[in-house]
Amino acid sequence: GGSVKTGKMPEGEKTRQCKQEEERQQKQEEREGLIEFYSSYQELFQFFCSNTTIHGAIRLVCSKQNKMKTAFWSVLFFLTFGLMYWQFGILYREYFSYPVNLNLNLNSDRLTFPAVTLCTLNPYRYSAIRKKLDELDQITHQTLLDLYDYNMSLARTDWSMLSVQKRSSRSLLQHVQHHPLRRQKRDNLVNLPENSPSVDKNDWKIGFVLCNDNNEDCFHQAYSSGVDAVREWYSFHYINILAQMPGAKALDESDFENFIYSCRFNEATCDKANYTHFHHPLYGNCYTFNDNSSSLWTSSLPGINNGLSLVVRTEQNDFIPLLSTVTGARVMVHDQNEPAFMDDGGFNVRPGIETSISMRKEMTVRLGGSYSDCTEDGSDVPVQNLYSSRYTEQVCIRSCFQLNMVERCGCAYYFYPLPARAEYCDYTKHIAWGYCYYKLLAEFKADVLGCFHKCRKPCKMTEYQLSAGYSRWPSAVSEDWVFYVLSQQNKYNITSKRNGVAKVNIFFEEWNYKTNGESPAFTVVTLLSQLGNQWSLWFGSSVLSVMELAELILDFIAITFILALRWFRSWQQHSPPEPLPNSHNNTAFQGEAPGLRAPHRFTVEAVVTMLPSYNSLEPRGPSRDGEVGHE
């Protein structure tokens, strides 16, 4: 048996070995760590500038011995950043403005012929409605005599005899007296009593007075032209007469053969299956050709021989003299399933003239959504469609006015479709509807009603650009036999001769048609490309450089969090202990939950305890005193 001698290790040696063991343990932890943090913001920024691929950042580190150069590059670096993000802002603003490119395409294909509407320009045969208009005509004759000292050549009843006739409370004369046609001075608009003819006619403004229900507010609907004033005044009373006649449309006598003498399309004769009929209160009998969607006409070639050719009657021997002041016919070209607004897009055909109308088709396709405020089918427009047709801007605008008319005036305007549970305006039932109508019309034209903002353009629409040429028809050497044949075949009365007929040719000018389309001018791909161009311009770097910048921001946040956590733990360790609760509460703690205060201490310390030791997160290298410190 031997014995082992043991000696006591000096205290200094033991301390040195402990430090070495701690250093080896710390190095081992650093080698095995997954995440590396920096001990200060300066170290983080220095590492970033030394290793990033962003141009110019290395200058902030290399020139740190020269403070002036460091300041210069710092200002230049951040100024470049500011300019780049300013450019970014411009790009984002342009992207979110949703610009579009206009694309023009020429298409060559078989063209669908448009719908063509032709009207007689006479609402009713005067002989059929004369009894209904007789009283209004006599009042108008007397008004013309008073204002202009003009006696109409038509048969008249003596005004004195008319005024002494027995009339009911619903007499037209009583209503006309509420809306008299009178003249005013142009300068001060002062009414002239008794329509004195001694005033110079050049100083007159002709119009009629409209008042509200109580006659408290009146205004003068004035016109600079006496012809316009008389016709508008006559039309106002004419509408009231029609509104009082439930069977007014029954007076209409549609006679296609008596109005259309000849109809040919593509050298083929038209028949009744090629047109539809409707009646307009002012433009009379209207016939729409090629409106049947089941069998539409198509044109394979342009030219006058490959279109629609019509010979129409324009004789005025039975027109309403005070309402139909224009001779000829009214023509409008429009797309299928669109109402023919003759007063907006139509034009007149002159008697004794051959009118040749060449067309060019043009389609417009707009981008919806964020790129424009167009509508696909009008379902998202806050205006009810009163027409039995597809949505158009004019359909919406007229429906908007009619709905406001019913809401404000309590009745509907006779020229527009009748809404549900409404009736047409008639001053025997709605005394002041004329006052309300003209007031509303002024607000409508000034867009006070908001109809022009509510009614948006359709995203897809078709238009026809028209150009017309005129020539005398029939010619002087051929008119005799042409009129004779018309009289034999169509029972045409040749007494009026040239003023009684007109010819219309409607055809495509060219086989091509233009399409105006829209495409996004600034897409997501374009935005990313422009952002990359700006980044490369100012820093000459790539997408990976952006990731480096993102990493810098994340490291900055992590260091801030760690330092704040260390400060909080240090503050908690040096804070004074909390006072114990009183005896009563202490008894409660001991009796009900002896370890109740432990969770409070655990909540504060557990956050730090569960995190990895900050020594393992610190970078390799000595601290200020040359030793690797830890807590």
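Residues numbered from 1 in each chain as written. Predicted model: local features only at pLDDT ≥ 70, side-chain atom pairs only at ≥ 80, totals over all residues. Heavy atoms only, no water.

Student: Break down the overall build of the chain for me, citing the residues and quoting the values.
Tutor: Looking only at helices and strands, the chain has 19 helices and 18 strands in total. Taking all 631 residues of the chain together, the buried fraction comes to 41%. Summarising the internal contacts of the chain: among those between residues at least 6 apart in sequence, 71% fall at separations of at least 24. For the chain, the exposed surface amounts to about 37,300 Å²; the carbon and sulfur share of it is 54%. (Helix = DSSP H or I, 4+ residues; strand = E, 2+ residues; numbered from the N terminus. Buried < 20%, exposed > 50% of the residue type's maximum accessible area, 1.4 Å probe, protein only. Contact = heavy atoms within 4.5 Å. Areas by Shrake-Rupley, 256 points an atom, 1.4 Å probe, with all protein chains shown as cover.)

Student: Now, about the UniProt feature "transmembrane region" (unreviewed entry) in the chain: what can you tell me, with residues and values included?
Tutor: Mapped onto the present numbering, the UniProt feature "transmembrane region" (unreviewed entry) falls at residues 71–92. Each end of residues 71–92 is marked by a C-alpha atom, and these two atoms are 31 Å apart; helix forms 100% of the span and strand 0%. (UniProt positions renumbered as here; feature names shortened; annotations may be inferred.)

Student: Tell me what's going on with the nonpolar core, and back it up with residues and numbers.
Tutor: Judged by nonpolar contacts, the single largest core of 69 residues is most densely connected at Tyr234, Tyr238, Phe401, Trp433, Tyr437 and Tyr438. At nine residues, helix α8 (residues 226–243) tops the list of elements feeding residues into this core. Apart from residues no more than four positions distant in its own chain, Tyr238 is found in contact with Pro123, Tyr124, Leu133, Leu136, Pro281, Leu282 and Leu323. Within the second largest apolar cluster, 31 residues are counted, among which are Cys263, Phe265, Tyr275 and Phe508. (Core = buried A, V, L, I, M, F, W, Y, C linked by side-chain atoms within 4.5 Å.)

Student: Outline the state of the cysteines, supporting the account with residue identities and numerical values.
Tutor: Under the definition given, this model contains eight disulfides. Bridging Cys396 to Cys455, the disulfide has an S-S length of 2.1 Å. Handedness of the Cys396-Cys455 disulfide follows from its S-S torsion of about -80°: it is left-handed. Linking Cys396 in helix α11 (residues 393–409) with Cys455 in the loop between α13 (451–454) and β16 (460–472), this pair joins segments that are 59 residues apart in sequence. We classify Cys396 as buried; its relative accessible area is 3%. We classify Cys455 as buried; its relative accessible area is 3%. (Disulfide = S-S within 2.5 Å.)

Student: Residue-level account of the environment of Tyr416, with values.
Tutor: Summarising the element assignment, Tyr416 is placed in the loop between α11 and α12 (433–445). The exposure class assigned to Tyr416 is buried, which follows from its relative accessible area of 17%. Along the sequence, Tyr416 and Tyr387 sit 29 residues apart, while their C-alpha atoms lie 8.9 Å from each other. The residues touching Tyr416, leaving out its near neighbours within four places in the chain, are Tyr387, Arg398, Phe401, Gln402 and Tyr424.

Student: Break down the pairing of strand β13 (residues 329–334) for me, citing the residues and quoting the values.
Tutor: Counting buried positions along β13 yields six of six residues, so the element is predominantly enclosed. Burial along β13 is two-sided: the residues Ala329, Val331 and Val333 and Arg330, Met332 and His334 are all buried. Summarising the sheet, strand β3 (residues 115–119) and β13 pair through five bridges and their orientation is antiparallel. In the sheet register, Cys119 faces β13, and the bridge partner there is Arg330. (Pairing = 2+ DSSP bridges.)

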